[in-house]
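This is what each chain is made of:
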Amino acid sequence: MNAADLHQARALLHAGKTEEALARYRRLVKQTPDAAFLWFELGNAAAGLRLQDTADDAWARARALEPHNTELLLTTGHQYAARRRTDLAREHFASAAQAAPADVNPHKALAAHLEKTGDLPAAREALEACRALHPLDEQVRFLHARMLRLEGETAAAEQALRGLLFDDIRHPYVRYAVHYELAAVLDQQEQCDEAFASLLTAKEMVSGLTDIPRLWREFDTAAAARLALAQSPPPKLQSADGPCGVAFLGGHPRSGTTLLETMLDAHSGITAVDEGDAFQFAIGHPLCPGGLTPASAKLSLSPATITRLRDAYCAALRQDAGTSDGLLLDKNPSLTASLPLWLRVMPELPVVIALRDPRDVVLSCFFQNIPLNLDNANFLTLERTVHHFTQLMSVRRAVREWSGVRWIETHYEFLIADPAAEGRRIMAFLDLPWKESQAAPHLATRPAAITAPGAHDVSQPIHTRSAGRWQRYEKHLTPFTSALSAVQL
């Protein structure tokens, strides 16, 4: 094996030149077919191009070469988890734990994955294996405290979290995650002042991990470009060669999109895809040199370009859904801001927008402990959370006025008050009959787990407990009353 070729393949993959990287990896595995790590990296390159059969084959070859390599099993599991192929991720994490029964790390990965995908009994079993192996491990103790909260044992969860805080936490993730989790526990106990103080401590810790002002500047630049595009609709949305059976579900994060997704997905004629990356893949597709951006979208897109992009998108979404039957629902709240691009490629796209009291939306976003990206970095201060909300709502308001857009809006407060009435209205918009079973979406069987932050909430019967939560934190939201009141819902 040529070390220079390997270095170049990795550099190409890191630079996003995935097709060139894959070609180099193909040559490398021909030279050294018994190197498991080469097959694994080839699989990563193939997965980046959505060549899932190629990726699966490559990862399987790597595993066959080193079936007891715990690190290989774990990293492959994380690759599957990132692509929301939760069953395969679970199998790889479980195999890693079985291959190294005395190593706590694969057991932790399995427990965290099971908890995230909603299988709390199995997660508890995996967690107990962790506790038996290494009861003082900081991540194990944190997972135990979080599990106690999810199981309804808030007093025990608080005690476990405060025990962690009493010690000198070394792991950077656990250091701030404990404060996020304690805020959630105290919020459930309605100790709101303490909850908010714990939340601010977590935010301060996270803010010190990277250059947050730089992320804010980059977000503002991108947001301004999207809003300008939304306020400059094309003279006429160009028609395309027939619909591909897709609808979009958006709105601001924490506006009830996950609840609405489970309700619609409970219909046999709808398959929901939970926050996948099909659209991002399509607009950066090699067939669209440089990617589709607000600047390039202001130019007239040729029918051939539109067809290529929509074909790439629809194929990617079908891959994520695992089916091409019925209506595919792309639930992606953060991508609501990209509708000015999206509708230029798919003008017939039915758009369902979830709305909610802005104060509840802002507060719920502020409580989330989610990985940093250009959007989520805004949730580190209330001021920036409000800014993110108003920016996205401005795009939504502008695009809603475009001529010819198929658009419906629904309010979370109406949905939880009368699920059947609001559900029927949305289903009529989608030209599908309402099924009574959709009023109890927590009982429906889904082919894929939900991994969005609201996954645990929608595993329970529909309730009204979250409505008006903002009132307990009114004094913190008061400085933003004017800005939020100006948003037209």
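Since the model is a prediction, treat every value here as computed from it, not as a measurement. (Residues numbered from 1 in each chain as written. Predicted model: local features only at pLDDT ≥ 70, side-chain atom pairs only at ≥ 80, totals over all residues. Heavy atoms only, no water.)

(A) Region of interest: the overall build of the protein. Counting secondary structure elements, the protein contains 24 helices and five strands. Taking the principal axes of its C-alpha atoms as reference, the protein extends roughly 60 × 60 × 45 Å. Counting every position in the protein, which comprises 489 residues, the buried fraction comes to 51%. Long-range pairs, those at least 24 residues apart, make up 70% of the contacts in the protein between residues at least 6 apart in sequence. Surface accessibility of the protein: about 21900 Å² in total, with carbon and sulfur atoms responsible for 53%. Of the side chains in the protein, 50 bear a positive and 57 a negative charge, and the two mean positions are spaced by 4 Å. (Helix = DSSP H or I, 4+ residues; strand = E, 2+ residues; numbered from the N terminus. Buried < 20%, exposed > 50% of the residue type's maximum accessible area, 1.4 Å probe, protein only. Contact = heavy atoms within 4.5 Å. Areas by Shrake-Rupley, 256 points an atom, 1.4 Å probe, with all protein chains shown as cover. Lys, Arg positive; Asp, Glu negative; His and termini not counted. Charge placed at Lys NZ, Arg CZ, Asp CG, Glu CD.)

(B) A look at the pattern of salt bridges. Within this structure, the stated rule accounts for 34 salt bridges. The partner of Arg85 in a salt bridge is Asp56, and the shortest N-O contact between them spans 2.9 Å. Linking Arg85 in the loop between helix H5 (70–82) and helix H6 (86–99) with Asp56 in helix H4 (residues 52–65), this pair joins segments that are 29 residues apart in sequence. A salt bridge links Glu422 to Arg425; its shortest N-O distance comes to 2.7 Å. Residue Glu422 and its partner Arg425 are both found in helix H22 (residues 419–429); the two are separated by three residues, about one turn of the helix. Overall, the relative accessible area of 8% leaves Glu422 in the buried class. Of the residues examined, Arg425 reaches a relative accessible area of 36% and is grouped as partly exposed. Among the charged side chains, a salt-bridge network with shared partners connects Glu115, Arg146, Arg149 and Glu181. (Salt bridge = Lys/Arg side-chain N within 4 Å of Asp/Glu carboxyl O.)

(C) Region of the structure containing the environment of Leu88. Tracing the sequence through the fold places Leu88 in helix H6. Spatially, the C-alpha atoms of Leu88 and Arg162 are 35 Å apart, while their sequence positions differ by 74 residues.

(D) Region of the structure containing the packing of helix H7 (residues 104–116) against helix H8 (residues 120–133). The contact between H7 and H8 brings their axes to 8 Å, and the two run at 160°. One element, H7, and the other, H8, form an angle in the roughly antiparallel class. When the axes of H7 and H8 are compared, the crossing they make is left-handed. Counted together, Val104, His107, Lys108, Leu110, Ala111, Leu114 and Glu115 of H7 and Leu120, Ala122, Ala123, Ala126, Leu127, Ala129, Cys130 and Leu133 of H8 form the full contact between these two elements. Tallied by class, residues from the contact of H7 with H8 come to twelve nonpolar, one polar and two charged. (Axes fitted to C-alpha atoms, helices over the stretch in contact; angles between N-to-C directions. Parallel < 35°, antiparallel > 145°, perpendicular 65-115°, else oblique. Left-handed = near helix turned anticlockwise from the far one by under 90°. Nonpolar A, V, L, I, M, F, W, Y, C, P; charged D, E, K, R; others polar.)

(E) Structural view of the nonpolar core. Within the largest apolar cluster, 84 residues are counted, with the highest numbers of intra-cluster contacts made by Tyr313, Leu339 and Trp342. Looking at which element gives the most residues to this core, the answer is helix H11 (residues 172–188), with nine residues. Once you skip the residues sitting within four places of it in the chain, Leu339 turns out to touch Phe248, Val351, Ile353, Val399 and Trp407. In terms of nonpolar packing, the next biggest core, distinct from the first, is built from 42 residues, Leu28, Ala46, Leu120 and Cys130 among them. (Core = buried A, V, L, I, M, F, W, Y, C linked by side-chain atoms within 4.5 Å.)

(F) Geometry of the pairing of strand S4 (residues 351–355). Where burial is concerned, most of S4 is hidden: five out of the five residues are buried. The side-chain alternation of S4 yields two buried faces, one formed by Val351, Ile353 and Leu355 and the other by Val352 and Ala354. Strand direction decides the pairing type here: strand S1 (residues 246–251) and S4, joined by four bridges, are parallel. What sits directly across from Gly250, in S4, is Ile353. (Pairing = 2+ DSSP bridges.)

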